[in-house]
Amino acid sequence: MEPIAPEESRLFFGNSYMNAVVIEIAALEGETFSPKQIVEATGLLGSIVHPLIHKLRDAHFLEFVGRVPRERTLLYRIRDNYWWEAARRYAADRQATTERAAS
């Protein structure tokens, strides 16, 4: 399975990078995460990732959990719904395809 290209991400989400952010969040399988983790996983700039996470939060797809004690790091988690299940399946299929190609 080929990853969704930025052009296709723009078509579906109205943003070239939202698909990459969504797939990395979905791959965490419900764990609490920080935007920095998504920046590192996607290779995107924080200035791209942070606004996309805020859009997902504002649309009630994510919830703000709090801050890491004695740090400025913000923590979020998925608000489960059918949409995230589809993203998780896509992430799992992508991972399986990558693993098959590597072997």
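Report follows, based on the coordinates. These figures come from a predicted structure and were not determined experimentally.

**Digging into a nonpolar patch on the surface**
On the surface, L11, F12 and F13 cluster together into a nonpolar patch covering about 360 Å² of accessible area. As for its position among the elements, F12 is in helix α1 (residues 6–13). A relative accessible area of 60% places F12 in the exposed class.

**Looking at the pattern of salt bridges**
Side chains carrying opposite charge are able to pair once their charged atoms draw close together. Considering all chains together, one arrives at 6 salt bridges under this definition. Of the charged contacts in the structure, one is a salt bridge between D58 and R57, with a shortest N-O distance of 2.9 Å. Owing to a relative accessible area of 51%, D58 belongs among the exposed residues under this scheme. A salt bridge links R89 to E85, with the nearest nitrogen and oxygen atoms 3.5 Å apart. With R89 and E85 both in helix α5 (residues 82–102) and 4 residues apart, the pair spans about one turn of that helix. Of the residues examined, E85 reaches a relative accessible area of 35% and is grouped as partly exposed.

Parameters and conventions
Residues numbered from 1 in each chain as written. Predicted model: local features only at pLDDT ≥ 70, side-chain atom pairs only at ≥ 80, totals over all residues. Heavy atoms only, no water. Patch = residues over 30% accessible without salt bridge, like charges linked within 9 Å, V, L, I, M, F, W, Y side chains within 5 Å. Areas by Shrake-Rupley, 256 points an atom, 1.4 Å probe, with all protein chains shown as cover. Salt bridge = Lys/Arg side-chain N within 4 Å of Asp/Glu carboxyl O. Helix = DSSP H or I, 4+ residues; strand = E, 2+ residues; numbered from the N terminus. Buried < 20%, exposed > 50% of the residue type's maximum accessible area, 1.4 Å probe, protein only.

On their own, these measurements won't tell you what the molecule is for.
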